[in-house]
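Chain by chain, the residues run as shown.
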Amino acid sequence: MGLPKTHRLKKRQDYRAVYEQGIRRYSPHLTLITLDRNHNQELNDIPEIKVGISISKKVSKKAVIRNRIKRQIRSAIMVNWQLIAPGAQIVIVVKPKAIKCKYEHFLRELEELLK
RNA sequence: AGAGUCAGCGAGGUGGUUGCAGAUUUGUCCUAGAGGCAGAUUUGAGGAAAGUCCGGACUCCCGAAAGACCAGACUUGCUGGGUAAUUCCCAGUGCGAGCGAUCGCGAGGAUAGUGCCACAGAAAAAUACCGCCAAUUUAAAAGGAUGAGGGCGAAAGGAUCAGGUCGGAGGAUAAUUAUUUCCUCAAUCCUUAUCCCUCAUAAUUCAUCCCUUGAUUUGGUAAGGGUGCAAAGGUGCGGUAAGAGCGCACCAGCAGUAUCGAGAGGUACUGGCUCGGUAAACCCCGGUCGGGAGCAAGGUCGGAGGAAUUAUGGUUGGUCUUUUUCCGAUUCCGAUUUAAGGAGAACCGCAAGAGGUGUUUGGCAACAGACAUCCUAGAUAGAUAACUGCCCUCAACUCAAACUUGUUUUGAUGCGAGAACAGAAUCCGGCUUACGUCCUAACUCUCUCU
């Protein structure tokens, strides 16, 4: 299950904003950073949920493995989509230990983090 | 049949559902856009996409006006060919490895010159330390050589071997001595062409032949001397006082001539005999060369800020001159224009190319030409995945059988597995490295049969 482009965090500024102002929550293999934006009720302007995944070369030097972990996390997010607050901007940082994790691990940890 | 060598192809196939990205297209929405939403069709990783080690295309900047010479830089360096180009490829040469198919090689010059060669060794590019030989002087008398026999408590070589205590021999130290402390040596067997068998020893000899031996000085010699990467061609025979390419044969090397070849080189003959290594030391010869940065190149659009204009833009904008108004000046906001350009990684560059496939011509080949045909990823926090039907395969797993009881062979089936290395980032050509398995073609060696 993939994540459409409109729900992806793309720009460098957005990442910086989330890193500087977001709330951090930790699990053994992941770090979740959330930023709730104040949306204007009068204009009825609810921004999209945006999710970004950060995985460094420290996790693995091989691009195949990094891409696979990204896909698994994206899929896990789509499963837990209802738990995310509307308009939130989320960055998920993958820790180096996560190289041994399977899909079920990510699913469980994300469920815990998003509660 | 077995064991190998080498080249090439592929990286399970074909459908379905869901999802992601691109392209085309339809509908719809509005804020009318590089727009959102929904649908349809279609496309979507590799042989190495990797390492970024080379070579180019392409783009911009600097320089120059394209030629010659000098200087400089680089090192691509056996020959010939191929290519856009190369450190690549093909065909050969030489050397090395292999019975062979075949494989490997940074492969110009050390006889252009300069330098360096640690340690060891007598000596590191011509030196005479030892040795050998001749002669001179002097001293000594009985030795030397060969053969037979003997010795293995000495010496050399080899093999094997655990430690402690007492005692022994030699040495050192302190000390008047007694004695103290420390170190070394002595194990067994075998072999010997060396050594030893007159010196009183382990061995307690014999035969034949010769005339010498020590020292000093002078000269000859490059055969021998444990070293070293390397000792001034190698082996053998002759020769000599002793020696020496001094002479001869074969081999290695060098030079010349002839001949074959396009060339690297090959072959034959002749000659004087003959000169280590290092060029990834400087260097010589040959070859190549505008320099630099790299798609985050570069271009387009261009926000903010800047400049200029605005008699009639401002329901009376603010401030100043003026009692107030008008008028004027200045400033702010807005509008218009504009040079430059840095935000926005927006758009282009960016997917038709030194392209692929097939046939054919030339060429041993790399490759080149002609004709036909095909269009085949384009993301940018970066798309390829998940599940599943059928077919195919069976390395591992499971099950069964066989005897040669094994990491064996054969077979079967599947609620099993389909894997290894690994993910495009401007694009090509190479190289290198990683990689489970399968298939095809050619060739070599060994064995068996005809």
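Definitions and limits used
Residues numbered from 1 in each chain as written. Chains lettered and ligands numbered in written order. Predicted model: local features only at pLDDT ≥ 70, side-chain atom pairs only at ≥ 80, totals over all residues. Heavy atoms only, no water. Pairing = 2+ DSSP bridges. Helix = DSSP H or I, 4+ residues; strand = E, 2+ residues; numbered from the N terminus. Axes fitted to C-alpha atoms, helices over the stretch in contact; angles between N-to-C directions. Contact = heavy atoms within 4.5 Å. 1 Å grid on protein atoms, 1.4 Å probe; cavity = no way out; pocket = protein on both sides within 12 Å on 5 of 7 lines; lining within 4 Å. Points joined across faces, edges and corners; volume = space filled by probe spheres on them. Nonpolar A, V, L, I, M, F, W, Y, C, P; charged D, E, K, R; others polar. Buried < 20%, exposed > 50% of the residue type's maximum accessible area, 1.4 Å probe, protein only. pLDDT = per-residue confidence, 0-100.

*Asks:* I'd love a proper account of the sheet that holds strand S2 (residues 30–36), names of residues and values included.
*Replies:* In spatial order, the strands read S1-S2-S4-S3; together these four strands make up an open sheet with mixed pairing. Unpaired on one side and paired on the other, strand S1 (23–26) and strand S3 (50–54) mark the two borders of the sheet. Within this sheet the neighbouring strands show an average axis-to-axis angle of 20 degrees, counted without direction. The strands touched by helix H3 (residues 103–114) within the sheet are S1, S2 and strand S4 (88–94), with S2 carrying the most contacts at an inclination of about 40 degrees.

*Asks:* Now, about empty space enclosed by the protein: what can you tell me, with residues and values included?
*Replies:* All chains considered together, the criterion is met by one cavity of 30 Å³ or more. Reported here for the largest cavity is a volume of approximately 30 Å³. As for the largest cavity, its lining consists of Leu-32, Val-51, Ile-77, Ile-84, Ile-90, Ile-92, Leu-110 and Leu-114. Elements that contribute at least two residues to the lining of the largest cavity include exactly S4 and H3. Of the residues contributing to the lining of the largest cavity, the split by class is eight nonpolar, no polar and no charged.

*Asks:* I'd like a rundown of the pairing of S2, residues and numbers included.
*Replies:* The element S2 is extensively covered by neighbouring structure, given that five of its seven residues are classed as buried. Pairing analysis gives four bridges linking S1 to S2, with the strands arranged antiparallel. Looking at S2, one finds that Tyr-26 is bridged to Thr-31. Between S1 and S2, which pair antiparallel one after the other, the connecting turn spans three residues. Bridge count between S2 and S4: seven bridges; the pairing is antiparallel.

*Asks:* Talk me through the confidence of the model for chain A; I want residue IDs and the actual numbers.
*Replies:* Should the pLDDT be low somewhere, the predicted coordinates at that spot are not to be read in detail. Overall, the predicted model of chain A reaches an average pLDDT of 73, with 80% of residues at or above 70. Long-range and interchain partners of residues 39–45, a stretch whose pLDDT sits below 50, account for three contacts in this model, where long-range means more than four residues apart. Here the prediction assigns the complex a pTM of 0.64, and the interface score ipTM is 0.80.

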